[in-house]
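Inside the fold
Letter by letter, the chains look like this.
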Amino acid sequence: MKALALLGSTGSIGKNVLAVARQFPDRFRVVGLSAGSNVELLAAQVMEFKPECVAIGNPDLVPLLAERLPSSYRARIVAGVEGNCQVASLPAADMVITAVVGSVGLLPALAAIRAGKDIGLANKETLVMAGRLIMEAVREHQVRLLPIDSEHSAIFQALEAGRREDVARIILTASGGPFRTWTPEALAAAVPDEALAHPNWTMGRKISIDSATLMNKGLEVIEARWLFDVSPEQIEVVVHPQSIVHSLVEYRDGSVVAQLGIPDMRIPIAYALSYPQRLDLGLSRLSLAGCGELAFEQPDHDRFPALGMAYAALNMGGVKPAALNAANEVAVQAFLDRRIGFTRIAAVVATAMRETAQGNERELEAILGADREARLVAEQAIRAA
Ligand code: MG
């Protein structure tokens, strides 16, 4: 029986993690849950899974959550980032699944690693902001960091086919998002509802916008660099609109090993939860003949500059990836609030990359400082537009 603490339980990934836990009650029990502000769903999850500790992001919502739970049931309720860190380091937890969105995932992930927990990582921003720091902590505390991001799960699986020293390249696939075929003029006029309509995956709002700009793939390049200890030049991105080939590893002899499957997040989630075992999830099987054609094409860097900016941040090193990530979070929110147009998202991020100070990526304070500074610069750029 594996005891799970799940951060971000009411989001798209969180709900799928609980679906897997629900399906295999003999394998998994849930000892901790956390959510941002969705009290209704969190309360229902607490009633179903009976964790010993539950965190709500917004401290003002603690009374409301307590009210929703029966007096006979005594879960410890905690709040804020501190509360997330408490759930992440619960003594009873064997594994912490971090499925929160954005930079708020960093401190709880560090807390979990320092408490000796294995990590199931869906929050890619943790590695984008602090990849070196996190991977050093993983080594120091001898925990396992298992990817849940579907591309990284695919790479992780393809890496089982050979030796690390024989890896030539990692090839990340990208669906291309809902705007893959749009003209520059149409992109400039795109509205949030159009960007939120992803063709293959059902995802949260932030990652859906990131998929539309290709920033999601840029963040995944940075994530892959740290997870698999490869150089940026060894990571290639190819657009694959059908989302059937989830990513590939090329070995030095020219062999390319891919992982394929239907686009369902329960597959990478279950693999991280039960590694190295595989669970029968009862999902529909991939029918290759049913897929018809699988297409692959180069990403268009002119229409989707965010991808190249992520490579640039990685090459600049230091705290620039943290600045990129923070500015992107602010710009995506501004787009969702209809304060800026779609193509301004990348422009705001570019401004923040240029106008923020460099810093030491080994220092948590420098990373958090870069995050704060980039948010201010991005907000100024949005106001000035
Ligand atoms: Mg992904």
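Everything below is about the structure shown above.
Report on the accompanying structure. (Residues numbered from 1 in each chain as written. Predicted model: local features only at pLDDT ≥ 70, side-chain atom pairs only at ≥ 80, totals over all residues. Heavy atoms only, no water.)

In this model, the second largest pocket occupies a volume close to 400 Å³. If you trace the second largest pocket, you find 19 residues lining it, with Ile267, Arg278, Leu279, Leu281 and Arg285 closest to the centre. (1 Å grid on protein atoms, 1.4 Å probe; cavity = no way out; pocket = protein on both sides within 12 Å on 5 of 7 lines; lining within 4 Å. Points joined across faces, edges and corners; volume = space filled by probe spheres on them.)

What follows deals with the coordination of the magnesium ion. Ligation of the magnesium ion by protein atoms is provided by Asp149 (OD), Glu151 (OE) and Glu220 (OE), these donors lying 2.0 to 2.1 Å from the ion. In primary-sequence terms, the residues that donate to the magnesium ion follow D-x1-E-x68-E. Taken together, the residues span a long stretch of sequence, with glutamate 151 in helix α7 (residues 150–158) and glutamate 220 in helix α11 (residues 215–227) at a distance of 69 residues. Given the relative accessible area of 1%, glutamate 220 is considered buried. (Donors = N, O, S within 2.8 Å, 3.2 Å for Na, K, Ca; no water. Helix = DSSP H or I, 4+ residues; strand = E, 2+ residues; numbered from the N terminus. Buried < 20%, exposed > 50% of the residue type's maximum accessible area, 1.4 Å probe, protein only.)

On the surface, Leu260, Leu286 and Leu288 cluster together into a nonpolar patch covering about 240 Å² of accessible area. Mapped onto the elements of the fold, leucine 286 is located in the loop between α12 (266–274) and α13 (288–291). (Patch = residues over 30% accessible without salt bridge, like charges linked within 9 Å, V, L, I, M, F, W, Y side chains within 5 Å. Areas by Shrake-Rupley, 256 points an atom, 1.4 Å probe, with all protein chains shown as cover. Salt bridge = Lys/Arg side-chain N within 4 Å of Asp/Glu carboxyl O.)

Quick look at the environment of alanine 115 now. Take alanine 115: it is sitting in the loop between α5 (106–114) and β6 (118–121). In this structure alanine 115 comes out as partly exposed when scored by relative accessible area, which is 35%. Each C-alpha atom, one on alanine 115 and one on proline 91, is 8.1 Å from the other, the two residues being 24 residues apart in sequence.

Applying the stated criterion across every chain, the model contains 26 salt bridges. The salt bridge partner of lysine 217 is glutamate 151, with a shortest N-O separation of 2.7 Å. Note that lysine 217 is positioned in helix α11 and glutamate 151 in helix α7, a separation of 66 residues in sequence. In terms of burial, lysine 217 and glutamate 151 fall into one category: buried. In this structure, arginine 383 and glutamate 379 form a salt bridge, with 3.8 Å as the shortest nitrogen-oxygen distance. Placement of the pair is arginine 383 and glutamate 379 together in helix α17 (residues 364–384), with a separation of four residues, close to one helical turn. The network of salt bridges with common partners includes Lys124, Asp149, Glu151, Lys217 and Glu220.

Okay, empty space enclosed by the protein next. For the structure on display, the rule yields one cavity of 30 Å³ or more. Taken as a whole, the largest cavity encloses approximately 60 Å³ of empty space. Along the walls of the largest cavity sit Ser150, Ser153, Gln157, Trp201, His246, Gln259, Gly261, Ile262, Asp264, Ile267 and Pro268, which together make up its complete lining. Those elements giving two or more residues to the lining of the largest cavity turn out to be α7 and α12.

Turning our eyes to something else, we now look at α11. With 13 residues, α11 ought to run about 18 Å at 1.5 Å a step, and its terminal C-alpha atoms sit 18 Å apart, in line with that. Most of α11 sits out of view: 13 of its 13 residues are buried. (Expected span 1.5 Å × (residues − 1).)

So, on to unusual backbone geometry. Of note, the bond from tyrosine 275 into proline 276 is cis; its omega dihedral lies within 30 degrees of zero at 5°. Structurally, the position occupied by proline 276 is in the loop between α12 and α13. Phi is positive for leucine 214, which is not a glycine, with a value near 75°. Take leucine 214: it is sitting in the loop between α10 (205–213) and α11. Given the relative accessible area of 4%, leucine 214 is considered buried. Backbone geometry at aspartate 229 places phi at a positive 50°, although glycine is not the residue there. Summarising the element assignment, aspartate 229 is placed in the loop between α11 and β9 (235–239).

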